[in-house]
Amino acid sequence: MADPLMETKLLQPSPRRDVIARPRLAGMLEHVSGSPVTLVSAPAGFGKTSLLAAWMSNKPDTSASEHPVAWVSLDGRDRHATSFWTYVLMALDRAVPGSGDAALTLLQSGQASVESVLAGVVNELSVQSGDVTLVLDDYHLADSVEVAAGMTFLVDHMPPQLRLVISTRADPALPLSRLRARGELVEIRASDLRFTGDEVASYLNDLHGFGLTATDITSLEARTEGWVAALQLAAISLRDRDDQSAFIAGFAGDDRFVVDYLADEVLSRQPDHVRRFLLDTSILARLTGPLCDAVSPPPPAGGRSGKAMLDLLDRENLFLVPLDGRRTWYRYHHLFGDVLQSHLLEERPGDVPELHRRAADWYAEAGHVEAAVRHALEAGDLDRTADLIESSFRALGRDRREDLLSRWAHRLPDEVLSNRPVLAIALIGGLMSSNQFEGVDQRLDHVENLLSKAEADLVVVDHGELARVPAAVEMYRAALALLGGDPPAAIARAQRAIDVAVDGDDLAVGAAAALSGLASWSTGDIASAHASYARSIPALTRAGHIADVLGCSIAMADMELRLGRLRDAEQTFAHALGLAEANTPPGASVMRGTADMLVGLSRMAWYRNDLVAAAEYLRRSDELGESAALPQNPYRWRVGMARLRAAEGDLGAALELLEEAERVYVGDYSPNVQPVYASRARVLAASGDLAGARAWARDLGVAVDDELSYFREYEHITLARVLLAEHASTGSPVPLDAAIALLGRLVAAAADGGRVGSVIELEVLRAIAYDATGERGAALEALRHAVNLAEADGWVRVFVDAASALTPLLRELSTAQAEPGYVQVLLNAVMAGSAASAMARGAGSQAAPSPEPAAPVEPGVGLVDPLSDRELDVLRLLGSDLDGPAIARQLVVSLNTVRTHTKHIYTKLGVNNRRAAISRAHQLGLLGRSGAR
C-alpha cells in the first residue's frame, strides 16, 4: 500500500525502551510454536502489545525468511469483514509472498464468500516449508459478527504452518473451549501479565534507578496489583521526587482510581506546552510531526515542532508507541490516550470540535479522505463532512473505494441530504456498488425531487457535478431495472441516461451504455449488446476508468467471436492491452487486468491455429502474477492452457486443467455462455470417455429436444459433438440422426441471431454428420458455407480440430474450385493436424482424432534441476483442492516430507505459491507426464 497512514497497520511495533526481561512470560510464549492459537487477553494497560513486540524482536528464530511474522494493528474501522480481511491478507502476503495475493483479488471482487477466500489462503500456507505467525493486535476493536464468522472458519481450518496470536481486552467469539480441550490453545491472561514483586523492583530500581526500599516496592506492588500501566505512570511521577515513600503511600483504590490519580500526577508535572500538546493530540488515532503541527501549532517564539515534541515524549517514555522503524508515526497507548481525552473533555470541551476540524483539514490536504471525513464527523461539522465527500467521490470511485461511500451513507443524517443532490447521488453510487439496494429507490425519488428546485436553493460544491445528476439518476434506475429482471426497462432507462447526459459526462454515458449492453446480452441480442459496449468503452476510457474498460473488453470480444468477427475481437484485446500498459497506477508494476488481456489474445491466436503465439501469450500472462489479474483470470488461463494441451494430444492434462478451472471459477455480471463443464465434456468425448460425456448431459439436463437459446448454445453444440463421437464409436445411426436434427435447429437459430462464429462451427459439424450418412453433396455444401464464412477473418482451428474427418471433404472441395484459395489454406492446416495426430497415437498418446501440437515441449525442458518422480507426484496434488495434511495422507508420507518436496518444487520452478507452481508446470508439460504415471 502506498498510503503511509495505512502502512502503519501492517508494521510490527518497535519494542519500548523501558522494558525489563520477564523470563516467566518468555517461557510461556515459547509454547506458541507448538500451539495453533495463542490468546493474550487482559484489560487495558497490562502490556499486551509491548510484550508481543518485545518477544518478536528478541526471538532468535524470527528472521523474515525463516519464521516470518504477519502483524496487523486493528481498529474500529476493521469491524467490516472486507476491511479486516484485506489487512490480514496483505500482512500474510508480505510475510509469505504469494500466499495472499490471489485471495485478496478475490475478496476485493466481492464475488466470493469469505470462506472461499480463506480456503485459498489455507491451501497456500499448508504446503509452505516454514511456519508463519499471524498477530492480530487489539482484536477487541474489530470483533464483530461478520469478522467472527470468518475467524471461526480460519481457526477450524488452520494449516499446521500457521500460528495465530490474538491480543485483546476481551475473549473473542471463537471456539476457545474446543481448542483448550484439545491442548491447542496457549493462554496468557491478566494474572500472568501482572508484575511480581521482583519484577516491580527490577523495573523501578534496576531500569529507572529509583533505589526504592523493599517496603516501598511491596507497597507499590500491593497498591497497583502489578498493573503495568499504573507502574509506568508511577515511574513517571516518581522522577525528581524527594518524598518517594510518602508519594507511594498517598494513593490507593481500585484500578480506575489508580490510573486517574497517577495520570493526574503525570499531567500535572508536565510543562504547560507539553500538557497542551498531549491533550490537543489525544484526538488523533495516529500521530506524525506535520499532523501534530496542524492540530497543536507550536508557539510562535521558539516552541517545539510536532516532530520535536514526539521525539521528546518518546525519550521520556510518555506512553507513546512507535508504529514504524523510522519513528515517523506513533500512537498513544490506548489507556493513556483515553485518560488524555477524558481530561480534554473535562477541561476544554469547547476546543474539541476545532481540534477535529484542524485534523480534518490536514488529512484532506494530504489526500487522506477517509481520515478527513472521520474527523469532520467527530467535529460535528456536517457541512464540512458533506463537502469532503462530495468533492472526493469521483476519485473514490476510480480507486474502487465505494465501500467508504456506502459506510458514510449510513452515518450521515437525512437532514444533510435535504438540499444536496450531488452528495445524495454519490452515496447512492456507493450503496449500489456495495450491493446494498434496499431503500435506493426512495433515495432516487428524493434526488429527483431536489432537481425540481431552483439551483439557488441547493448546496453544491461543484456546479458542474449538478448537471451530471439527472443522467446518474437514470443510470441507477437502469441498474435497478436490470437487477429486477426487466431488461427492456433497463435498456430504456439507460438510453434516457445517455440522452440527458451533459457534454463531457463520459462516465455516465459509458456506464449507461455498458448497462444497456448487459441488458441486451441477457436477452440474447448480441448485436445490440455489442453496439452498446462499443459505445461504452471509448467513453469509459475518456473518463479514466481503465479497469472497467478491461472488463468490458472481455465481454465485447466474447460477443465479437460469436458474431464471427475474429479480427475485431483480436483488435479489442490488443487495444485494451495497450491501455492497461499505458495506465499503470503509480507505485504498481502492472495494472490489474493486464494478464486477462494476454489470455484473451492467446485465445485469438488459438482460433487462428497459431499455437506457438497462443502459448507465448499464456506464458506472459502467468509471469505477470496474480496482482495483474482480474478474479476471473485463473479459470480463463486454465481453459486456455487446456486448449493447448488438447491440441498437443495430451487430453489427460487438458482434463486436469479443466477440473482446476472449475474449482477456481469465479463469475462476473456477464452471462456464462461457455461453461467450463461443457468444455470438459468435449474433451471427454474426444478422449473416448463417452460415458463421462453422456453423464454431463444427463446431469445438466442438456437434451436434443430442448428449447434452444443463445445462453445454452455452447452446451447444445457440445451435445452434438458427443452424439457424433458416440456414432463414430458404435456405428449406431440413432445418435447420428439425433445430431443431424439438433445441428439443423442450431444452425437456423444461430443464423437468425447473426452468430456467424457459431454458424462456422455448426456447419463444420454438419459436414461431418452428412458425410457419415453418405450425403456427400450436403456435406460439401455445409463445408463450403463454413469455409466462406471463415475466410474473411482467418478462422482455422475449428477445422483442424476435425482434421481426420474433414481432410477428404476439403480435398474434394479444393478440386472442385477453379481457385482453391482459402480451402487450400485449411487443407494444409488439417493435413498437418492429421500427421500430428498419427504421431501422437504412435507414441501412445490419448490423442483426439485431429490435434496439432503447439511447438511440442519435452516435459520439464528448461529446468536446470529436473523434478524427481516424487516431486512430480506432489506437484500433481498441489493442483487439487487438498491441503498439506491431505496430500501427505494421499502419498502416505509425513507432512514435513510434503513441505520439503514443495519447497524444492518452488525453488526448481522459480515460483512462490501453489497456483504459480501449477501454471508453470502446465507450461512445461509436467502435469501431463505426472498424471500418466
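Scroll up to find the structure.
Predicted model, so just to flag it, every value in this text is computed and none were measured.

Asks: How would you explain the overall build of the chain if you had to name every residue and give the values?
Replies: If you tally the helices and strands in the chain, you get 49 helices and 7 strands. For the chain, the C-alpha atoms occupy an extent of roughly 115 × 75 × 45 Å along the three principal directions. When the 933 residues of the chain are sorted by exposure, 55% land in the buried category. Looking at the chain alone, contacts between residues at least 24 apart form 70% of all its contacts between residues at least 6 apart. Computed over 89 positive and 123 negative side-chain charges, the separation of the two mean positions in the chain equals 3 Å.

Asks: Break down the nonpolar core for me, citing the residues and quoting the values.
Replies: By size, the foremost hydrophobic cluster in this structure holds 198 residues, and its most contacted members are Tyr 332, Ile 425, Leu 427, Leu 783, Val 787, Phe 799 and Leu 810. Apart from residues no more than four positions distant in its own chain, Phe 799 is found in contact with Ile 760, Val 764, Leu 783, Ala 786, Val 787, Ala 790, Leu 806, Leu 826 and Val 830. The next biggest cluster of nonpolar side chains, apart from the first, holds 46 residues, and it includes Leu 39, Ala 70, Tyr 87 and Leu 104.

Asks: If you had to explain the environment of Asp 311 to someone new, which residues and values would you point to?
Replies: Note that Asp 311 resides in helix H17 (residues 306-315). Using a relative accessible area of 23% as the deciding quantity, one classes Asp 311 as partly exposed. Along the primary structure Asp 311 and Glu 402 are separated by 91 residues, whereas in three dimensions their C-alpha atoms are 37 Å apart.

Asks: How would you summarise the pattern of salt bridges if you had to cite specific residues and measurements?
Replies: Under the counting rule described, the total for this entry stands at 57 salt bridges. For Arg 870, the salt bridge identified is with Asp 873, shortest N-O distance 3.4 Å. Placement of both Arg 870 and Asp 873 in helix H45 (residues 869-878) is noted, with a separation of 3 residues, approximately one turn of the helix. In this structure Arg 870 comes out as partly exposed when scored by relative accessible area, which is 33%. Here Asp 873 falls in the buried class, since its relative accessible area comes to 11%. Three or more residues joined by partner-sharing salt bridges are found here, namely Lys 9, Asp 75, Arg 77, Asp 78, Glu 370, Arg 401, Asp 403 and Arg 407.

Asks: Please set out the side chain of Arg 755 residue by residue, giving values where relevant.
Replies: Along the chain, the position of Arg 755 falls in the loop between helix H39 (733-752) and helix H40 (756-772). On the basis of relative accessible area, Arg 755 is assigned to the buried category, the value being 6%. Once residues lying within four places of it in the same chain are set aside, the contact partners of Arg 755 are Gly 524, Ile 526, Arg 562, Leu 563, Tyr 710, Glu 713, Ala 749 and Ala 750.

Asks: A description of the environment of Ala 285 should follow, citing residues and the corresponding values.
Replies: Summarising the element assignment, Ala 285 is placed in the loop between helix H15 (272-281) and helix H16 (289-295). The class of Ala 285 is partly exposed, set by a relative accessible area of 37%. Once the C-alpha coordinates of Ala 285 and Ala 371 are considered, the two residues, 86 residues apart in sequence, prove to be 9.5 Å apart. Those residues within four positions of Ala 285 in sequence are excluded, and the remaining contacts are Tyr 330 and Arg 331.

Asks: Break down the pairing of strand E3 (residues 132-137) for me, with residues and values.
Replies: Across the 6 residues of E3, 6 count as buried, placing the element largely inside the fold. Alternating residues of E3 divide into Val 132, Leu 134 and Leu 136 and Thr 133, Val 135 and Asp 137, and every residue in both groups is buried. Bridge analysis of E3 against strand E4 (residues 162-168) gives 5 bridges, and the strand direction is parallel. If you follow Val 135 over to E4, its bridge partner there is Val 165. Of the crossover connections in this fold, the one passing from E3 over helix H7 (residues 145-156) to the parallel E4 is right-handed.

Asks: Give me the sheet that holds E3: which residues, what numbers.
Replies: The 5 strands lie next to each other as E2-E3-E4-E1-E5, forming an open sheet whose pairing is parallel. For this open sheet the edge positions go to strand E2 (69-73) and strand E5 (185-189), each flanked by a neighbour on one side alone. Sheet twist, expressed as the average angle between the axes of neighbouring strands with direction ignored, equals 10°.

Asks: I'd like a rundown of the packing of aromatic side chains, residues and numbers included.
Replies: As enumerated under the stated definition, the model contains 10 aromatic pairs in all. Each ring, one from Phe 195 and one from Tyr 203, has its centre 5.8 Å from the other, and the planes form 80°; the classification is edge-to-face. Its relative accessible area of 8% is what places Phe 195 among the buried residues. On the basis of an interplanar angle of 75° and a centroid distance of 5.2 Å, the ring pair of Trp 362 and Tyr 363 is categorised as edge-to-face.

Asks: Describe empty space enclosed by the protein, and please don't skip the residues or the numbers.
Replies: Enumeration over the complete set of coordinates arrives at 4 cavities of 30 Å³ or more. There is about 180 Å³ of room inside the largest cavity. Ranked by residue count, the leading element in the lining of the largest cavity is helix H3 (residues 48-58), at 4 residues. The class makeup of the residues in the lining of the largest cavity is 6 nonpolar, 7 polar and 5 charged.

Conventions and cut-offs
Residues numbered from 1 in each chain as written. Predicted model: local features only at pLDDT ≥ 70, side-chain atom pairs only at ≥ 80, totals over all residues. Heavy atoms only, no water. Helix = DSSP H or I, 4+ residues; strand = E, 2+ residues; numbered from the N terminus. Buried < 20%, exposed > 50% of the residue type's maximum accessible area, 1.4 Å probe, protein only. Contact = heavy atoms within 4.5 Å. Lys, Arg positive; Asp, Glu negative; His and termini not counted. Charge placed at Lys NZ, Arg CZ, Asp CG, Glu CD. Core = buried A, V, L, I, M, F, W, Y, C linked by side-chain atoms within 4.5 Å. Salt bridge = Lys/Arg side-chain N within 4 Å of Asp/Glu carboxyl O. Pairing = 2+ DSSP bridges. Right-handed = clockwise from strand over helix to strand, strands pointing away. Axes fitted to C-alpha atoms, helices over the stretch in contact; angles between N-to-C directions. Phe/Tyr/Trp six-rings, centres within 6.5 Å; stacked < 30°, edge-to-face > 60°. 1 Å grid on protein atoms, 1.4 Å probe; cavity = no way out; pocket = protein on both sides within 12 Å on 5 of 7 lines; lining within 4 Å. Points joined across faces, edges and corners; volume = space filled by probe spheres on them. Nonpolar A, V, L, I, M, F, W, Y, C, P; charged D, E, K, R; others polar.

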